[in-house]
Amino acid sequence: AQKVTQAQTEISVVEKEDVTLDCVYETRDTTYYLFWYKQPPSGELVFLIRRNSFDEQNEISGRYSWNFQKSTSSFNFTITASQVVDSAVYFCALSEGGSNDYKLSFGAGTTVTVRA
Amino acid sequence: DSGVTQTPKHLITATGQRVTLRCSPRSGDLSVYWYQQSLDQGLQFLIQYYNGEERAKGNILERFSAQQFPDLHSELNLSSLELGDSALYFCASSGSLRAEAFFGQGTRLTVV
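So, a few notes on the structure that sits alongside this text. Note that the structure is predicted; figures quoted are calculated from it, not measured. (Residues numbered from 1 in each chain as written. Chains lettered and ligands numbered in written order. Predicted model: local features only at pLDDT ≥ 70, side-chain atom pairs only at ≥ 80, totals over all residues. Heavy atoms only, no water.)

### Observations regarding the pairing of strand S9 (residues 74–79) of chain A
The two faces of the sheet receive side chains in turn, since in a regular strand these alternate between them.
All names here are of chain A.
Phase 1 of the analysis: Of all six residues making up S9, six are buried, and the element is well covered by its neighbours.
Phase 2 of the analysis: Bridge count between strand S3 (residues 19–21) and S9: three bridges; the pairing is antiparallel. Of the residues in S9, the one forming a bridge with Leu21 is Phe77.
Phase 3 of the analysis: With six bridges connecting them, strand S8 (residues 64–69) and S9 associate as antiparallel partners. Bridge pairing in S9 links Ser65 to Thr78.
Phase 4 of the analysis: Once S8 ends, the chain turns through four residues before running back antiparallel as S9, passing Ser73 with a positive phi of about 50 degrees. (Buried < 20%, exposed > 50% of the residue type's maximum accessible area, 1.4 Å probe, protein only. Helix = DSSP H or I, 4+ residues; strand = E, 2+ residues; numbered from the N terminus. Pairing = 2+ DSSP bridges.)

### Here's the deal with the pattern of salt bridges
Side-chain pairs of opposite charge can arise where the charged atoms are in close proximity.
Phase 1 of the analysis: If you walk through the whole model with that rule in mind, you get nine salt bridges over all chains.
Phase 2 of the analysis: Where Glu59 of chain A meets Arg51 of chain A, a salt bridge forms, and the shortest distance between an N and an O atom there is 2.7 Å.
Phase 3 of the analysis: Judged by relative accessible area, Glu59 of chain A falls into the partly exposed class, the value being 30%.
Phase 4 of the analysis: Since its relative accessible area comes to 6%, Arg51 of chain A is described here as buried.
Phase 5 of the analysis: Between Glu75 of chain B and Arg22 of chain B there is a salt bridge, and its shortest N-O distance comes to 4.0 Å. Linking Glu75 of chain B in strand S8 (residues 74–78) with Arg22 of chain B in strand S3 (residues 19–24), this pair joins segments that are 53 residues apart in sequence.
Phase 6 of the analysis: Judged by its relative accessible area of 18%, Glu75 of chain B is buried.
Phase 7 of the analysis: Using a relative accessible area of 33% as the deciding quantity, one classes Arg22 of chain B as partly exposed. (Salt bridge = Lys/Arg side-chain N within 4 Å of Asp/Glu carboxyl O.)

### What to know about the interface of chain A and chain B
Phase 1 of the analysis: Each partner contributes to the interface: chain A provides 16 residues, whereas chain B provides 19 residues.
Phase 2 of the analysis: Both sides together, the interface formed by chain A and chain B hides about 1,600 Å², and carbon and sulfur atoms give 59% of it.
Phase 3 of the analysis: Our enumeration of links across chain A and chain B arrives at one salt bridge.
Phase 4 of the analysis: Salt-bridge contacts for Arg50 of chain A lead to Glu100 of chain B; the nearest nitrogen and oxygen are separated by 3.3 Å.
Phase 5 of the analysis: Linking chain A to chain B there are four residue pairs in polar contact (both at pLDDT 80 or more). (Contact = heavy atoms within 4.5 Å. Buried area = accessible area lost by both parts, 1.4 Å probe. Polar contact = N/O pair within 3.5 Å; in protein donor to acceptor, adjacent residues only side chain to side chain.)

### What about the side chain of Gln6 of chain A?
All names here are of chain A.
Phase 1 of the analysis: For Gln6, the position within the fold is in the loop between strand S1 (4–5) and strand S2 (10–14).
Phase 2 of the analysis: Of note is the side chain of Gln6, whose polar atom sits 3.1 Å from the backbone nitrogen of Gly109.
Phase 3 of the analysis: Those residues in contact with Gln6 that lie beyond four places of it in its chain are Asp22, Trp36, Tyr90, Phe91, Cys92, Gly107, Ala108, Gly109 and Thr110.

### Side note on unusual backbone geometry
Phase 1 of the analysis: Put simply, Thr7 of chain B and Pro8 of chain B share a cis peptide bond, and its omega is -10 degrees.
Phase 2 of the analysis: Tracing the sequence through the fold places Pro8 of chain B in the loop between strand S1 (5–7) and strand S2 (10–13).
Phase 3 of the analysis: One non-glycine residue, Lys16 of chain A, lies in positive phi territory at about 80 degrees.
Phase 4 of the analysis: Mapped onto the secondary structure, Lys16 of chain A falls in the loop between S2 and S3.

### Describing the pairing of S2 of chain A
Residues and elements named next belong to chain A.
Phase 1 of the analysis: The alternating pattern of S2 places Ile11 and Val13 on a buried face, while none of Glu10, Ser12 and Val14, on the opposite face, is buried.
Phase 2 of the analysis: Examined bridge by bridge, S2 and strand S12 (residues 110–115) share five bridges and lie parallel to one another. In the sheet register, Glu10 faces S12, and the bridge partner there is Thr111.

### Quick look at the sheet that holds S3 of chain B
Residue and element names in this part refer to chain B.
Phase 1 of the analysis: Within the open sheet, the four strands sit side by side as S1-S3-S8-S7. Their pairing is antiparallel. Both outer strands of the open sheet, S1 and strand S7 (64–68), are each paired with one neighbouring strand and no more. Between one strand axis and the next, the sheet turns through 15 degrees on average, direction left out of account. (Axes fitted to C-alpha atoms, helices over the stretch in contact; angles between N-to-C directions.)

Here you go:
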């Protein structure tokens, strides 16, 4: 069963528009971690944020913000005032504590294209 | 720069061959992960080592093997290569099991 679902395959916006990427996860563990990674056209995976299951505070980092809601098992990511450099594939990932290895289960990714 | 180094960056080889991918984790990181990224399967966890010992296995084929050496670098060995093994192979490392993983730039393997 898919543990992380990113329902949006592709999103295309014009520069300065806001973009929200949805992520829904599934786990039975009480201790888990959620992540967002960015994969620009150059191919590397860049860590953006980690959130643990006990911390439901939303977080803002510059133009990036994250909304974690345990009640709906969602960890959504918003890019405010998007820029062309934000064009990339964004992956949401889940790491579960029950197996004690904390490997990452990735969603399928959302391709974001920001047009000038 | 994540601090994780993978070599080579690109590899082209023929079917049936064997290749070795190398990963140097960030300084001090004990945990090393290998992931495969392909168009049809997405990002898939292959195997994890922690301080030299195998910790977890994912959907890793029997033709694939890995190890982590005393200096903490890791190698992923892929043998009897098939066209379907063409993919981007990532190594990641983390300081502890609960910490975020930082990824290398990947090795793009093309099997022809």
